[in-house]
Structures are given as C-alpha cells and as structure tokens.
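Fold and geometry: a report
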Amino acid sequence: MDARIVEWLNAGVGKFAPWDAFMEAVMSDYLAPVTGSLVLLALWFYGAGEQERYRNQLVTVMGAMSVGFANLGVSLVNNHYFRLRPFDVLDVQPLFYQPTDSSFPANTASVGFAIATAVFLRHRKLGGALYALAFLCSFGRVYAAVHYPTDIVAGAAIGGAAVLLSWTLVRVLGFIPRIVLGAARSFHLT
Amino acid sequence: MLNGFASEYLLFVFLSTLGAVQFTAARAGLSGLLFLRQWPRATQWLAASLILGAYLWFFFWSGPRNVPDTGDGLEGNTQAVLFAIGAAAAVAATFIASSIVNYAWGAAAQADEPGQPPPPEGLGRLSRTTFARAFAARVRGLTREGR
C-alpha cells in the first residue's frame, strides 16, 4: 500500500514542469524549518501587552524544545531501525537528491509538525498555516519518492509527542522559564 | 571557512529575520525597534517585501537548493547553528541600528513626564525609547543599587 501510493504520486513527476519546480521548493531541506523558526522568533517580539508577549515567548521556548526533542526521537529510532528509501527499491523518477540515511521516520516532517503544533496551541491561524506548509513539504517528499507515507505519519507523530513532552515540562518546571524570561525582561530582551 | 552555499543560507536567514523582527515590532507598537519609526504601516510592507525577496532570491535565483549534505548542502546541525548565528546577528543589528536611527527620539521619549503612566517593563519599554537607552538605564540602575 505504502509503495503503491508513492508510485501513483510519482507517476506525475515530469508531466508539468512548474508544478515540479514548486514541489522542489516546498520539499527543500530549508523552507519549512526556516519558516517555522522565523515564526517562533517573531512571536518572541509579538504581543499587545506584557502578559500576551510572555505567553508568546513561552510558545517560542516550547517550539525550540520540541524541535530538539523531535530530532532526538528521530535519532533514537534511526539507531534501531533502518528502512531503504523508496527510490532505492521502486522504479520511480527522481526529483530530489538521494539521501543515504534511513527513510523512517521523516525528520523534516517531525520538525515541521512539531513547530506547527507548538504554534497552533496558541495561534490557530498561524499554526494552521504552518501545518499546511508541513503537509505540503511532506507531500512533496512522497511525490519525489524520498519518503513513504508511513515515514511521514511516524515523523508527524514524533513531532506531536515532542510538543506534548515540551508542554508537560514547561507546565511542571514552569518556574525555570519564569526565572530566565524574568531576568531577560529586566534587560528589555523579553 | 563557509562555502558559497552556507554563506548564502546565512545571508538568507539574516535578511528574513531582519524583516520578521521589523514586521512584528511594527505590529506590536515597539517603535524603538523600527528603522522607519514614523511609518509603521510602510515598515510592515517593506518588511514583508524583504522577507519575500529573501525567499525568492534564496530558493529561485541564487542556485540549486536541493543539494545533499555530502556535497555543498548543509547537514541538520550545521543548518541549526547557522540559523542561530544569522538570526542572532539580525536581532543584534536591529537593536544597534534602531538605537542609532532613533537616538534623538529615544532621549525625548525616555524622560518621565508628570501625569504619564509608569514606563512598561521588558520589551514593552521599547514602545517609548530605544534599546540602547533602555539597556543603559537598567545598567545605571543596577550600578546605583550596588553602591
């Protein structure tokens, strides 16, 4: 089933050059992570008052922690399980360079969905836009036969779990960000 | 030494962060961080154009971007470190440049006038003065407390 979806989507490669160019841009290693990180950084400065800004800054902290946990989760799985990429085993047309690391789970999906989820908890529209970007990036990677759909689902699940872990830590150890952000506030950095 | 790809990525992060900070500061009313303080609306348009321009330049005009990290491409950790450097440089540049551009306004706005509410704390203070002046005032306050 996984392989069939990849083959079915990949059959569209080369049929409409502008679409392929768009897919190449959205599935790049840089678009989703940089956009997500820029949103997290912008939230640091955003807010009508001190309270709102503080809550946004907690989203930035939680988002950054989530990216770290998501990368850790992917590395842990990679240490115990290796899956060949679709382009290694299927007769498909390449649209992307051929990574040599494990296909499962998708690291870009884990990071993209982690940032989107962290932002979505507080800003529905902005988080929704980041979800759309993470989805497009993930779709592009299946279209280009770089990942199987299950790699994406696993990556997104790891991203979601990373946010849950960060959210729990921020709630349980909330005094740490309060102290750090409070100290930075006295120097007008938060 | 950074290769061409890494320097272009660093420049992309720097420019888009500069735009993102200007856009957000204009929306949040942090006038002390703006390069064009009198025109917050125009700042939002210019900042959005700067972000869009940086994206178009990096992804479509400055060379192929889907490059493996065994070649010129950036490995995940390097990418994260370069993002941190580029973003920190852009925030620092914003703090410094906006403090210089708004030097005179910062001095006038910082003076506490009778009848006015007390100046807000944290980043909120930058709606009334520049970062350099707010930071210097804080350091002076700490020095006084220390005596």
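Worth saying up front: this structure is predicted, and the values here are computed from it rather than measured.

1. Details of the overall build of chain A
Regarding its fold elements, chain A presents nine helices and zero strands. Across its three principal axes, chain A shows a C-alpha extent of roughly 60 × 40 × 25 Å. Looking at the 190 residues of chain A, the share that counts as buried comes to 54%. Long-range pairs, those at least 24 residues apart, make up 76% of the contacts in chain A between residues at least 6 apart in sequence. Carbon and sulfur atoms make up 68% of the accessible area of chain A, which amounts to about 8700 Å² in all. On chain A, the mean spot of the 13 positive side-chain charges and the mean spot of the 11 negative ones are 17 Å from each other.

2. Things to note about the overall build of chain B
A tally of helices and strands in chain B yields five helices and zero strands. Tracing chain B from N to C terminus, the helices and strands come up as α-α-α-α-α. For 147 residues, the compact-globule estimate of 2.2 N^0.38 gives 15 Å, and the C-alpha radius of gyration of chain B, at 19 Å, exceeds that figure by more than 25%. Principal-axis analysis of the C-alpha atoms places the extent of chain B at approximately 60 × 40 × 20 Å. Restricting the contact set of chain B to residue pairs at least 6 apart, pairs at least 24 apart contribute 70%. As displayed, chain B offers around 7800 Å² of accessible surface, 65% of which is attributable to carbon and sulfur atoms. Charge centroids of chain B, computed over 11 positive and 8 negative side chains, lie 14 Å from each other.

3. Concerning the interface of chain A and chain B
Tallying the contact residues gives 28 residues for chain A and 39 residues for chain B. Here chain A meets chain B over a buried area of about 2900 Å², counting both sides, of which 71% is carbon and sulfur. For the chain A face of the interface with chain B, the top three residues by lost area are Tyr30, Phe45 and His188 of chain A, together amounting to 31%. At the boundary of chain A and chain B, one finds zero salt bridges. Here chain A is connected to chain B by six residue pairs in polar contact (both at pLDDT 80 or more). Sorting elements by how many residues they give to the side of chain A that touches chain B places helix 3 (residues 31–45) of chain A first, with 10 residues. Tallied by class, the residues present in the side of chain A that touches chain B amount to 15 nonpolar, eight polar and five charged.

4. Section: the pattern of salt bridges
Residues and elements named next belong to chain A. Scanning the model with the defined rule gives seven salt bridges over all chains in all. Across the pair Asp151 and Arg83 runs a salt bridge whose closest N-O atoms are separated by 2.5 Å. With Asp151 in helix 8 (residues 149–172) and Arg83 in the loop between helix 4 (50–80) and helix 5 (86–89), the pair connects residues that are 68 residues apart, well separated along the chain. Taken individually, Asp151 and Arg83 each receive the classification buried, so the pair is uniform in this respect. Notably, a salt bridge pairs Arg85 with Asp101, separated by 2.6 Å at the nearest N-O pair. One end of the pair, Arg85, is in the loop between helix 4 and helix 5; the other, Asp101, is in the loop between helix 5 and helix 6 (107–120), and 16 residues separate them in sequence. The class for Arg85 is buried, based on a relative accessible area of 4%. One connected set of salt bridges, linked through shared partners, spans Asp2, Arg83 and Asp151.

5. Quick look at the nonpolar core
In this structure, Phe45 of chain A together with Tyr9 and Phe12 of chain B are the most contacted members of the largest nonpolar core, which totals 61 residues. If one sorts the elements of this core by residue count, helix 1 (residues 4–28) of chain B sits on top with 10 residues. Not counting residues up to four positions away in its chain, the partners in contact with Phe12 of chain B are Val34 of chain A together with Ala54, Tyr55, Trp57, Phe58 and Phe59 of chain B.

6. Details of a nonpolar patch on the surface
Residue and element names in this part refer to chain A. A surface patch of nonpolar side chains, amounting to about 560 Å² of accessible area, comprises Val172, Leu173, Phe175, Ile176, Ile179 and Val180. Counting residues per element, the nonpolar patch draws most heavily on helix 9 (residues 175–186), at four residues. In this structure, Val172 sits in helix 8. Among the residues examined, Val172 registers a relative accessible area of 59% and is labelled exposed.

7. Brief notes about the packing of helix 6 of chain A against helix 7 (residues 124–143) of chain A
All names here are of chain A. As a packed pair, helix 6 and helix 7 sit with axes 7 Å apart at the nearest point and diverge in direction by 170 degrees. When the interaxial angle is binned, helix 6 and helix 7 end up roughly antiparallel. Counted together, Thr108, Ala109, Gly112, Phe113, Ile115, Ala116, Thr117, Val119 and Phe120 of helix 6 and Arg124, Leu126, Gly127, Gly128, Leu130, Tyr131, Ala134, Phe135, Cys137, Ser138 and Arg141 of helix 7 form the full contact between these two elements. Class assignment of the residues belonging to the contact of helix 6 with helix 7 gives a composition of 12 nonpolar, six polar and two charged.

8. Observations regarding the confidence of the model for chain B
Summarising the model, chain B shows a mean pLDDT of 89, and 93% of its residues fall at 70 or more. For this predicted complex, the interface confidence score (ipTM) comes to 0.90, while the overall pTM stands at 0.92.

Rules behind the numbers
- Residues numbered from 1 in each chain as written.
- Chains lettered and ligands numbered in written order.
- Predicted model: local features only at pLDDT ≥ 70, side-chain atom pairs only at ≥ 80, totals over all residues.
- Heavy atoms only, no water.
- Helix = DSSP H or I, 4+ residues; strand = E, 2+ residues; numbered from the N terminus.
- Buried < 20%, exposed > 50% of the residue type's maximum accessible area, 1.4 Å probe, protein only.
- Contact = heavy atoms within 4.5 Å.
- Areas by Shrake-Rupley, 256 points an atom, 1.4 Å probe, with all protein chains shown as cover.
- Lys, Arg positive; Asp, Glu negative; His and termini not counted.
- Charge placed at Lys NZ, Arg CZ, Asp CG, Glu CD.
- Rg over C-alpha atoms; globule rule 2.2 N^0.38 Å.
- Buried area = accessible area lost by both parts, 1.4 Å probe.
- Salt bridge = Lys/Arg side-chain N within 4 Å of Asp/Glu carboxyl O.
- Polar contact = N/O pair within 3.5 Å; in protein donor to acceptor, adjacent residues only side chain to side chain.
- Nonpolar A, V, L, I, M, F, W, Y, C, P; charged D, E, K, R; others polar.
- Core = buried A, V, L, I, M, F, W, Y, C linked by side-chain atoms within 4.5 Å.
- Patch = residues over 30% accessible without salt bridge, like charges linked within 9 Å, V, L, I, M, F, W, Y side chains within 5 Å.
- Axes fitted to C-alpha atoms, helices over the stretch in contact; angles between N-to-C directions.
- Parallel < 35°, antiparallel > 145°, perpendicular 65-115°, else oblique.
- pLDDT = per-residue confidence, 0-100.

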